[in-house]
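# A look at the structure
Chain by chain, the residues:
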Amino acid sequence: MKSSRRVFLASLFFATLSSAKARKICSLTPSQPAGPFFKKDNVYQISDMTNNGKAKGKIVSIQGRIQNKHCIPHPFSKMIVWQANAYGKYNHDNDLSKNKIDPNFDGYIKLLSDEDGFYNFTTIIPGTYKISETIKRPPHIHIFIQTKTNKRIITQLYIRNHPLNKKDFLFNR
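So, here is what we can say about the structure in this document. This one's a predicted model, so the numbers in the text were calculated from it and none came from an experiment.

## So, unusual backbone geometry
Look at asparagine 52: it is not a glycine, yet its phi comes out positive at around 55°. Within the element layout of this structure, asparagine 52 appears in the loop between strand 2 (12–14) and strand 3 (59–68). What makes asparagine 52 exposed here is its relative accessible area of 67%. Not every positive phi belongs to a glycine, and cysteine 71 is a case in point at roughly 70°. Relative to the assigned elements, cysteine 71 resides in the loop between strand 3 and strand 4 (78–83). Classification of cysteine 71 by relative accessible area gives buried; the value is 15%.

As structure tokens, then:
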């Protein structure tokens, strides 16, 4: 990994019913909508969304762990990750914006967490985009997770301290 890459750590947790008493309590990740640009088909099973560094934008490494509220990992969870490119354009037929296309950034991947619930992938910081004349979404990465026990969540990862987070209707829910 190049030293210029910043590492973002994202932990995703699920609420599960358990009779076991846990000493540790983990925070729960909030659920968020999939948005209009989710697609399950033609998603590549790779962990590098940058096309070996050819995609435009600042390259980052995302790492995390899928676990329940008692910090017990969910091994081998399926993940679909999707996001806009550095210009704020999704690789999806429903994205009718005039934002630039990056031919080196597909914007979709499938992953599987390891036996301890850990995952990682490389991507770029997504661009912002307008959803109306007055509303601009902050950079965010969508993640759909399905555990082996069929628990599911869709959430979004945001860039810490980004100025648009304060005004975003989904970030502040």
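## Re the side chain of lysine 89
Within the secondary structure, lysine 89 sits in the loop between strand 4 and strand 5 (108–112). Assessed through its relative accessible area of 11%, lysine 89 is described here as buried. Within the structure, lysine 89 has its side chain in polar contact with the backbone oxygen of aspartate 95 (distance 3.1 Å). Excluding its chain neighbours within four sequence positions, the residues that come into contact with lysine 89 are Ala84, Asp95, Leu96, Ser97, Asn99, Lys100 and Ile101.

## Details of the nonpolar core
Ranked by internal contacts, the top residues of the largest apolar core, which has 21 residues, are Ile62, Met79, Val81, Phe121, Ile141 and Ile143. Of all the elements in the fold, those that place two or more residues in this core are strand 3, strand 4, strand 5, strand 6 (118–124), strand 9 (140–146) and strand 10 (152–158). Considering each element in turn, this core owes the most residues, four residues, to strand 3. Contacts of isoleucine 141, omitting those with residues within four sequence positions, involve Ile62, Val81, Trp82, Gln83, Phe121, Thr123, Pro126, Thr155, Gln156 and Leu157. Listed in part, the eight residues of the second largest apolar core include Ile80, Trp82, Ala84 and Tyr129.

## Overview of the side chain of aspartate 168
On the secondary structure map, aspartate 168 appears in the segment after strand 10. Here the side chain of aspartate 168 touches arginine 137 through a polar contact of 2.7 Å, side chain to side chain.

## Overview of the packing of aromatic side chains
Per the stated rule, a full pass over the model turns up three aromatic pairs. Centre to centre, the rings of tyrosine 90 and tyrosine 129 are 5.6 Å apart; their planes meet at 80°, and the pair counts as edge-to-face. Of the two residues, tyrosine 90 is situated in the loop between strand 4 and strand 5 and tyrosine 129 in strand 7 (residues 129–130); the sequence distance between them amounts to 39 residues. The interplanar angle of 80° and the centroid separation of 4.9 Å between the aromatic rings of tyrosine 158 and phenylalanine 171 together place this pair among those described as edge-to-face.

## Brief notes about the environment of methionine 79
Relative to the helices and strands, methionine 79 resides in strand 4. Measuring from C-alpha to C-alpha, the distance between methionine 79 and leucine 112 comes to 5.9 Å, with 33 residues separating the pair along the chain. Beyond its immediate stretch of four places on either side in the chain, methionine 79 contacts Ile66, Ile109, Lys110, Leu111, Tyr119, Ile143, Phe144 and Ile145.

## Overview of the sheet that holds strand 4
Pairing within the open sheet is antiparallel, and its four strands lie in the order 5-4-9-10. Single-partner strands in this sheet number two, and they are strand 5 and strand 10. Taking the axes of each pair of neighbouring strands and ignoring which way they run, one obtains an average angle of 20° across the sheet. Alignment of strand 9 against strand 10, held across seven bridges, turns out to be antiparallel. Residue pairing for strand 10: isoleucine 143 is matched across the bridge by threonine 155.

Conventions used here
- Residues numbered from 1 in each chain as written.
- Predicted model: local features only at pLDDT ≥ 70, side-chain atom pairs only at ≥ 80, totals over all residues.
- Heavy atoms only, no water.
- Helix = DSSP H or I, 4+ residues; strand = E, 2+ residues; numbered from the N terminus.
- Buried < 20%, exposed > 50% of the residue type's maximum accessible area, 1.4 Å probe, protein only.
- Polar contact = N/O pair within 3.5 Å; in protein donor to acceptor, adjacent residues only side chain to side chain.
- Contact = heavy atoms within 4.5 Å.
- Core = buried A, V, L, I, M, F, W, Y, C linked by side-chain atoms within 4.5 Å.
- Phe/Tyr/Trp six-rings, centres within 6.5 Å; stacked < 30°, edge-to-face > 60°.
- Pairing = 2+ DSSP bridges.
- Axes fitted to C-alpha atoms, helices over the stretch in contact; angles between N-to-C directions.

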